[in-house]
Amino acid sequence: MTSRLNLIVLGKQGAGKGTQSAVLCEKYAIPHVSTGDILRNAVKAGSELGKKVASILEAGDLVSDDIVNQLVEERFKEADAQRGVLLDGFPRTIGQAEALEAMLGDDGIKLCINLDVPIELVTQRLSSRRVCQECGTTYRDSDVEAISGTCSNCGGDVIQRTDDYPEAIRTRLMNYERDTEPLLSFYGSRGLLVSVNGDQSPADVTDEIMKVVHERGLA
Ligand code: ADP
C-alpha cells in the first residue's frame, strides 16, 4: 500500500488552522477533514446528530469523544481519503489521539503541525472574525463583505459564528488549554510535532510548513 500523507493541524481557536488547511490540502491533493465543519453542517441540516450537538457547539463545549471518533472513522472510509487526509480540529483530546492511532495503524500520522499564536492575538482575531455560511471564507468585521453581509467569493451570507462571542470564546480557549494542549507532548514524544509561528503572514506560515514537509521527505 502506498504511504498516506496524514497530517494534523493543531493550534488554538483563531490560530489560522482553517486558512492553512485549505492551502495545504490543495497543494498536497488531500481532503480537508474538519470535525467543526462536519458538526456545523449537521446542525445546519437539522439531522439527528445536529440536534444532539447544537447546544454544545453554541456554548463552545466539546462534543463527546465517541461521537467525533465515529465521524472521523466513517470519513476515513471514503474514496478521497485513501491518499491521506488533513485533520483540522481533530484530535483535540488525548482520548481522540489514542483512538486515531488505533484507526490508522501503521500508516499513521506523518506530521502534527502546531500553529503557535499568543492567546491575546487569537482572542482579538476571534472576536472580529466573520465567516461565509456557504463556503467558509473568513473575513474581519471591518471588511466590506462583513459589513454588507455578502461573501465576495460565493455570494453566501457572511455572519458571526454563534461561538465567536466572548463567553464561548473563553470556554473554547479554556478547553483548549485543558484538553488539547497535552497533545503537544503526545505528538512531541513521538517525534511528529513541529511548531510554527502563526503570528506572521498566512503565506509565510505556509512556506514554513511546506519546508518541514519537504525536509522530512513527506511530499
Ligand atoms: P474552533 O477550533 O475554533 O472551536 P472548530 O470549527 O474546530 O472551531 O469546532 C467548533 C466546535 O465543534 C467546537 O467548539 C466543539 O464544540 C466541536 N468540535 C469540533 N471538533 C471537535 C472534536 N474533535 N472534539 C470535540 N468537539 C469538537
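Summary of the structure given here.

Each value, and the rule that gives it
Residues numbered from 1 in each chain as written. Predicted model: local features only at pLDDT ≥ 70, side-chain atom pairs only at ≥ 80, totals over all residues. Heavy atoms only, no water. Helix = DSSP H or I, 4+ residues; strand = E, 2+ residues; numbered from the N terminus. Buried < 20%, exposed > 50% of the residue type's maximum accessible area, 1.4 Å probe, protein only. Polar contact = N/O pair within 3.5 Å; in protein donor to acceptor, adjacent residues only side chain to side chain. Contact = heavy atoms within 4.5 Å. Near = heavy atom within 4 Å. Areas by Shrake-Rupley, 256 points an atom, 1.4 Å probe, with all protein chains shown as cover. Nonpolar A, V, L, I, M, F, W, Y, C, P; charged D, E, K, R; others polar. Pairing = 2+ DSSP bridges. Core = buried A, V, L, I, M, F, W, Y, C linked by side-chain atoms within 4.5 Å. Expected span 1.5 Å × (residues − 1). Arc of directions from axis to C-beta. Axes fitted to C-alpha atoms, helices over the stretch in contact; angles between N-to-C directions. Parallel < 35°, antiparallel > 145°, perpendicular 65-115°, else oblique. Left-handed = near helix turned anticlockwise from the far one by under 90°.

## Structural notes on the side chain of Thr180
With respect to the helices, strands and loops of the structure, Thr180 is situated in helix H8 (residues 166-180). The class of Thr180 is buried, set by a relative accessible area of 4%. There is a polar contact of 2.8 Å between the side chain of Thr180 and the backbone oxygen of Arg92. Excluding residues within four positions of it along the chain, Thr180 makes contact with Leu10, Arg92 and Asn175.

## What to know about the site of the ligand
With respect to spatial proximity, 18 residues lie near the ligand, and among them Thr35, Asp61, Gly89, Arg92 and Arg172 are the closest. For the ligand, a nitrogen atom lies 2.7 Å from a polar atom in the side chain of Thr35. The contact in question runs from a nitrogen atom of the ligand to an N or O atom on the backbone of Val63, over 3.1 Å. In the complex, 96% of the free accessible area of the ligand, which totals 530 Å², lies under the protein chains. When grouped by side-chain class, the residues that make up the shell around the ligand number 6 nonpolar, 5 polar and 7 charged.

## Here's the deal with the pairing of strand E8 (residues 193-197)
Side chains on a regular strand alternate between the two faces of the sheet. Alternating positions in E8 separate cleanly, Val194 and Val196 being buried on one face and Leu193, Ser195 and Asn197 remaining unburied on the opposite face. Of the strand pairs in this sheet, strand E4 (residues 111-116) and E8 are connected by 5 bridges, and their pairing is parallel. Following the sheet pairing, Asn114 is matched in E8 by Ser195.

## Section: the nonpolar core
With 26 residues, the main nonpolar core has Ile8, Leu87, Leu100, Ile109 and Tyr187 as its most contacted residues. For this core, the secondary-structure elements that each account for two or more residues are strand E1 (7-11), helix H3 (48-59), helix H4 (65-76), helix H5 (94-104) and helix H9 (182-188). Grouped together as the second largest cluster of nonpolar side chains are 24 residues, Leu7, Ile30, Ile113 and Val205 included.

## Some words on helix H10 (residues 202-215)
Note on helix geometry: an α-helix contains 3.6 residues per turn, so any two residues three or four positions apart are oriented the same way. Taking 1.5 Å per residue, 14 residues should reach 20 Å; H10 reaches 20 Å between its end C-alpha atoms and fits that length. The set of residues buried in H10 consists of Val205, Thr206, Ile209, Val212 and Val213. Considered in projection along H10, the buried side chains sweep an arc of 125° and stay on one side of the axis. Exposed residues pointing more than 90 degrees away from the buried face of H10 are listed as Lys211, His214 and Glu215. On its buried face, H10 sits against helix H1 (17-28), E4 and E8. Among the residues trailing H10, Gly217 stands out with phi positive, at a value near 65°.

## So, the pairing of E1
The element E1 is largely enclosed, with a buried count of 5 among its 5 residues. Examined bridge by bridge, E1 and strand E3 (residues 86-88) share 3 bridges and lie parallel to one another. Bridge assignment links Leu7 to a residue of E3, and that residue is Leu86. Here E1 runs beside E4; their pairing, made up of 5 bridges, is parallel. Residue pairing in the sheet places Gly11 in a bridge with Leu115 of E4.

## Looking at the packing of H1 against H10
Between H1 and H10, the shortest axis-to-axis distance is 10 Å and the interhelical angle comes to 50°. The angle between the axes of H1 and H10 places the two elements in the oblique class. Our pair here, H1 against H10, has a crossing hand that is right-handed. On H10, the residues touching Thr19, Gln20, Val23, Leu24, Lys27 and Tyr28 of H1 are Pro202, Val205, Thr206, Ile209, Met210 and Val213. For the contact of H1 with H10, the per-class residue count stands at 8 nonpolar, 3 polar and 1 charged.

The quantities given are spatial measurements derived from coordinates; they are silent on function.
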